[in-house]
Each structure stands twice: as C-alpha cells, then as structure tokens.
Amino acid sequence: MAILRSFVGTCELVKIDPFAWFQDVLARIGEQSMQELDALLPHRWAEARVQAQAQAAVSLRLAIVGLRSVFADVRRKMCFR
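This write-up is about the structure you can find in this document. What you see is a predicted model, and the numbers here were worked out from it, not measured in a lab.

**Some words on the overall build of the chain**
The secondary structure content of the chain amounts to three helices and zero strands. Ordering the α and β elements of the chain from the N terminus gives α-α-α. Expected size for 81 residues packed as a compact globule is a radius of gyration near 12 Å; at 21 Å, the chain overshoots this value by more than 25%. With the C-alpha coordinates of the chain rotated into their principal frame, the extents come out at 70 × 25 × 15 Å. The buried share of the chain, taken over its 81 residues, is 14%.

**What about unusual backbone geometry?**
Positive phi, close to 60°, is recorded for Lys15, a residue that is not glycine. Structurally, the position occupied by Lys15 is in the loop between helix H1 (2-13) and helix H2 (18-28). Residue Lys15 is classed as exposed on the basis of its relative accessible area, which comes to 74%.

**Thoughts on helix H3 (residues 42-79)**
Over its 38 residues, H3 extends 55 Å from the first C-alpha to the last, a length consistent with the 56 Å expected when each residue adds 1.5 Å. Contact partners of the buried residues in H3: H1 and H2.

**Focus on the pattern of salt bridges**
Where charged atoms from two side chains of opposite charge approach closely, those side chains can pair. What the rule picks out here adds up to three salt bridges. The partner of Glu12 in a salt bridge is Arg5, with the nearest N and O atoms 3.8 Å apart. Of the residues examined, Glu12 reaches a relative accessible area of 45% and is grouped as partly exposed.

**Focus: H2**
Three or more residues of H2 are buried, namely Pro18, Ala20, Trp21 and Val25. Here the buried residues of H2 occupy an arc of 160° about the axis, which is enough to place them on one side. Opposite its buried face, H2 presents the exposed residues Phe19, Gln23, Leu26 and Ala27, each directed more than 90 degrees away.

So, how was this worked out
- Numbering of residues begins from 1 in every chain and follows the order in which that chain's sequence is written.
- Totals for whole chains, interfaces and linings use all residues, but because this is a predicted model, local features are given only for residues with pLDDT of at least 70 and pairs of side-chain atoms are given and counted only at 80 or more.
- The side-chain figures draw on all heavy atoms in the structure; neither hydrogens nor water molecules are used.
- Elements are defined by DSSP. Helices are runs of H or I of four residues or more, strands are runs of E of two residues or more, and each kind is numbered from the N terminus.
- What the globule rule says is 2.2 Å times the number of residues to the power 0.38, and the radius of gyration is computed from C-alpha atoms.
- Relative accessibility thresholds used throughout: buried, under 20% of the residue-type maximum; exposed, over 50%; partly exposed, between the two (1.4 Å probe, protein chains only).
- Take the number of residues in a helix, subtract one, and multiply by 1.5 Å to get its expected span.
- Two residues qualify as a contact provided that any one of their heavy atoms is within 4.5 Å of a heavy atom in the partner residue.
- For salt bridges, the criterion is a side-chain nitrogen of Lys or Arg within 4 Å of an Asp or Glu carboxyl oxygen.
- It is the directions from the helix axis to the C-beta atoms that the arc portrays.

Written out as structure tokens, the structure is:
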C-alpha cells in the first residue's frame, strides 16, 4: 500500500492525474522491456506526455495548413468554371 501511495504522491507532485497514469501504465507495462520500465515512472511519463501532445499539436497544425491549401485550390477551380 505504501508503494501505491508513493506513486500517487509523485503523480500529484508532477501535477498529473494518478488515475490516468495508473490506467496508462497498467495498459502498457506488459509491452515494455525491463530497460524501458523507467519511462513509466510518473515524472518521466509526464515529460513524454507533454512531448507527445506538442507533436500532436504540430501535426494538427500541418494538417490544417494542408486542408486550407486544398480548399483554396478547390475554390479557385470552382470560380473559373
């Protein structure tokens, strides 16, 4: 029980939801190698999550720029008909 409380305390310290962390870790722990287990610790998990969210935001921005370009081309083609 003390180990679980320690994990919850660490999650609170790095300002992440302990339930979200436990849920993700329990889903992924079987797929991790022994060398990669430290990536699942709360402070490293939080860092990886921030990086993943930043990458997702960049991908979304690029997709929006691409869609704007496609819509602009469609509008141009429709205007010249």
